[in-house]
Amino acid sequence: MKTPNMINAKNRHQNQIKYTKYNKDLGDFGKGKTFFVRTYGCQMNEHDSEKIKGMLTSVGFNYTDDINDADIIILNTCAIRENAHDKVFGFLGVLKHMKQSKNIIVGICGCMAQEEVVINEILNKYKQVDFVCGTHNLDNLLSIIKEQMDTKKRQIEVLSYEGDVVEDVPVLRDSPYSAWVDIIYGCDKFCTYCIVPYTRGMQRSRHHEDIVNEVKELVKKGYKEVTLLGQNVNAYGKDLYEDYNLANLLSDVSDTGIERVRFVTSHPWDFTDEMVDIIASRDNIMPYIHLPLQSGSNKVLKLMNRRYTKEEYLKLYESIRKKVKNSSVTTDIIVGFPGETEEDFMETLDVVNKCKFDGAFTFAFSARENTPAALMKETVSEEEKMDRLHRLNEVVNKYSNEANKKMMNTTVKCLVTSLSDKDKNKVCGYTENMKLVNIKGPKSLIGKIVDVKITDTKSFSLDGEYVIIE
Ligand code: SAM
Ligand code: SF4
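Note that this is a predicted model, so its numbers are computed, not measured.

**Q** Before we go on, may I ask you to explain the overall build of the protein chain in this structure?
**A** Helix and strand content of the protein chain: twelve helices and 21 strands. On C-alpha atoms alone, the protein chain measures out to a radius of gyration of 23 Å, which is about the 23 Å that the 2.2 N^0.38 rule sets for 470 residues. Overall, the C-alpha framework of the protein chain stretches about 60 × 60 × 50 Å when taken along its three principal axes. Counting over 470 residues, the protein chain shows a buried share of 56%.

Structure (structure tokens):
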């Protein structure tokens, strides 16, 4: 049994990072068995789930999206806020009941696996969990599952260190048109509220040749879009190269001929003019930027260790809006950080009023184990946090509505990805600036980039109809 240690998880030694290749040959021990994966959290977790699916199918397991058919159930977890924990522990209760009537194996992967308190709780209270695999040794998942199946003993393997970069992990992608591509793992920013630098390890970039080759392969397979992934994509290359950064990578990925390039998430501190210029200059780099603000108060930004001021954020924001045509910008905001006063909160609203974001993910501060903010005195009551969140959301929704309304009657390019969830007689897809559109048009549009006329707008989506431009 290997369990996590949050103190070791903080360590940063550049020379410890190993670049290796996945080369598991475990035969076909999964043949005849079926597995199900439930994913919590961010895009990085969604992509990790694609790797979990890729590894398991490579040894004969079959993937099912019906949990009742599964022999193995894997929860790929998120640790970012307490409610993410609650969801997983709640679901483990459901699985305990399932286990009473059926012989199933239950496993936990992802960020929660990297937390000491969680593992202690699982060891003591959640006997229904048969294996735990951390984020750093995901490439060893098959060995862990095999050992559990052979011995019927609980397997816990979580490593707390800087992490490695493992290439060639099999991937079973959810979409045949749009693909996630990791470019940088971990994070060294240590924002005081955030658990990611502990659960995901040190900032470590993939070699740019590996990334570009992956995108070239995706182009060959007919993919239309790639989204370059990292907790802080703007830091790409800093740990590896002196003269190669995200701007160079965006340029090289754009040169592969892929029709759409996206990237998430951006950190204002590492966002250079050179990066803005390359986004503005390439037609296949999409004009959509997720630029977390977190707070509009310089005092709170400092307490958060965000490394930029409200003025610096606004300068970058204006430069993006000015240079990148038809851009949309979304953000993340936390309310109720320890020490945030009503005046600080009003400063956040002020920045939102200035930026008029296309959308925002808004959160109430949630103290995370071992992070510096968890040791700060909480000064905002839960009630006040909810009140600020409510007031913030009203303003945010007003601007996302306004931004959507501006698109009324325009004709825009959409990558059609699937049938619409809202109406099975429609299809849906995303505009270049990342607006979801429910489209009146035939099923045969799925997988294509087509022209769509916007016929109605809502707060979180648009309606449109397919048009043929002669
Ligand atoms: N790396 C990205 C960044 O720098 O913004 C995303 C990190 S996290 C997956 C997504 C968002 O969760 C953060 O931007 C932040 O707004 C929010 N978040 C992180 N830790 C939080 C906490 N302890 N309480 C509330 N919200 C939190
Ligand atoms: Fe967390 Fe900050 Fe790193 Fe984003 S940049 S992952 S918020 S520590």
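**Q** Whenever I open this one, the packing of helix H6 (residues 208-220) against helix H7 (residues 246-255) confuses me. Can you help?
**A** For any two helices packed against each other, one specifies the inter-axial angle together with the distance between the axes. Put simply, H6 and H7 touch, their axes get as near as 9 Å, and they point 30° apart. The pairing of H6 with H7 is recorded here as roughly parallel in orientation. Considering the relative orientation of H6 and H7, their crossing is right-handed. Residues His208, Ile211, Val212 and Val215 of H6 form the contact with H7, whose own contacting residues are Leu249, Asp252 and Val253. Split into classes, the residues belonging to the contact of H6 with H7 amount to five nonpolar, one polar and one charged.

**Q** Explain the pairing of strand S13 (residues 260-264) here, please?
**A** Across a regular strand the side chains alternate sides, sitting on one face of the sheet and then on the other. Of all the five residues making up S13, five are buried; the element is thus mostly covered by neighbouring parts of the structure. Alternating residues of S13 divide into Arg260, Arg262 and Val264 and Val261 and Phe263, and every residue in both groups is buried. Direction of pairing for strand S12 (residues 225-229) relative to S13: parallel, over a ladder of five bridges. By the bridge assignment for S13, leucine 228 is matched with phenylalanine 263.

**Q** Is there a simple way to think about the sheet that holds strand S2 (residues 34-39) in this case?
**A** By definition, the strands of a sheet pair up through backbone hydrogen bonds, in either a parallel or an antiparallel sense. Reading across from one edge, S3-S2-S4-S5-S6-S7 is the order of the six strands in this open sheet, with parallel pairing throughout. Of all the strands in the sheet, the pair left with one neighbour each is strand S3 (62-63) and strand S7 (155-157). As paired strands, strand S5 (residues 105-110) and strand S6 (residues 131-133) are joined by two bridges and run parallel to one another. The residue bridging isoleucine 108 from the neighbouring strand is valine 132, located in S6.

**Q** Sorry if this is basic, but what is going on with the site of ligand 2 here?
**A** Around ligand 2, the neighbouring residues are Cys187, Lys189, Phe190, Cys191, Tyr193, Cys194, Val196, Pro197, Gln231, His267 and Arg306. Taken together, the residues of the shell around ligand 2 break down into seven nonpolar, two polar and two charged.

**Q** Sorry, what's going on with the site of ligand 1 here?
**A** In the region of ligand 1, 15 residues are neighbours, and Tyr193, Gln231, Gln294, Asp332 and Ser366 sit closest. Here an oxygen atom of ligand 1 and a side-chain polar atom of arginine 81 are 3.1 Å apart. One of the backbone nitrogen or oxygen atoms of serine 366 is found 2.7 Å away from a nitrogen atom of ligand 1. In isolation ligand 1 has 560 Å² of accessible area, and contact with the protein removes 91% of it.

**Q** I'm lost on the pattern of salt bridges in this one. Help?
**A** Two side chains bearing opposite charge may form a pair once their charged atoms approach each other closely. Under the criterion given, the structure shown has 38 salt bridges. In this structure, the salt-bridge partner of glutamate 347 is lysine 310, at a minimum N-O distance of 3.4 Å. Placement of glutamate 347 in helix H11 (residues 342-355) and of lysine 310 in helix H10 (residues 310-323) is noted, with a sequence separation of 37 residues between them. Since its relative accessible area comes to 28%, glutamate 347 is described here as partly exposed. Residue classification places lysine 310 among the buried positions, given a relative accessible area of 13%. Each of Glu340, Glu342, Glu384, Asp387, Arg388 and Arg391 takes part in a single network of salt bridges with overlapping partners.

**Q** Explanation requested: H7 in the structure shown.
**A** Side chains that are three or four residues apart share a direction in an α-helix, a result of its 3.6 residues per turn. In terms of residue burial, H7 counts as a mostly covered element, since seven of its ten residues are buried. The complete set of buried residues in H7 reads Leu246, Ala247, Leu249, Leu250, Ser251, Val253 and Ser254. Check the buried side of H7 and you find it contacts H6, S12, S13 and helix H8 (273-281). Measuring from the side-chain oxygen of the N-cap residue of H7 to the backbone nitrogen of alanine 247 gives 2.9 Å; that N-cap residue is asparagine 245. Immediately beyond the C-terminal end of H7, within one or two residues, lies glycine 257, with a positive phi of roughly 95°.

**Q** Please clarify how the pairing of strand S17 (residues 411-419) should be interpreted in this entry.
**A** The sheet contact formed by S17 and strand S20 (residues 449-457) spans five bridges and is antiparallel. Across the sheet, residue valine 412 finds its bridge partner in S20, namely valine 452. Bridge count for S17 against strand S18 (residues 427-431) is five bridges, and the pairing is antiparallel. Directly across from cysteine 414, in S18, lies its bridge partner threonine 431.

**Q** Just to check I follow, could you spell out the sheet that holds S12 for this structure?
**A** The three strands are arranged S9-S12-S13 in an open sheet whose pairing can be described as parallel. Taken across any chain shown, the strands that pair with only one partner, and hence form the sheet edges, are strand S9 (178-182) and S13. If you compare each strand with its neighbour and ignore which way they point, the axes differ by 25° on average. Its contacts with the sheet put helix H1 (residues 43-58) on S9, S12 and S13, and the angle it makes with S9 is roughly 100°.

**Q** Can you walk me through unusual backbone geometry in this structure?
**A** Trans is the common state for peptide bonds, and a negative phi is the common state for residues other than glycine. At the junction of valine 264 and threonine 265, the peptide bond is cis and its omega measures out at -5° in the coordinates. Tracing the backbone shows threonine 265 in the loop between S13 and H8. For asparagine 326, which is not a glycine, the phi torsion comes out positive at approximately 50°. In this fold, asparagine 326 is placed in the loop between H10 and strand S15 (328-335). The class for asparagine 326 is exposed, based on a relative accessible area of 66%.

Quick notes on the rules
Residues numbered from 1 in each chain as written. Chains lettered and ligands numbered in written order. Predicted model: local features only at pLDDT ≥ 70, side-chain atom pairs only at ≥ 80, totals over all residues. Heavy atoms only, no water. Helix = DSSP H or I, 4+ residues; strand = E, 2+ residues; numbered from the N terminus. Rg over C-alpha atoms; globule rule 2.2 N^0.38 Å. Buried < 20%, exposed > 50% of the residue type's maximum accessible area, 1.4 Å probe, protein only. Axes fitted to C-alpha atoms, helices over the stretch in contact; angles between N-to-C directions. Parallel < 35°, antiparallel > 145°, perpendicular 65-115°, else oblique. Left-handed = near helix turned anticlockwise from the far one by under 90°. Contact = heavy atoms within 4.5 Å. Nonpolar A, V, L, I, M, F, W, Y, C, P; charged D, E, K, R; others polar. Pairing = 2+ DSSP bridges. Near = heavy atom within 4 Å. Polar contact = N/O pair within 3.5 Å; in protein donor to acceptor, adjacent residues only side chain to side chain. Areas by Shrake-Rupley, 256 points an atom, 1.4 Å probe, with all protein chains shown as cover. Salt bridge = Lys/Arg side-chain N within 4 Å of Asp/Glu carboxyl O.

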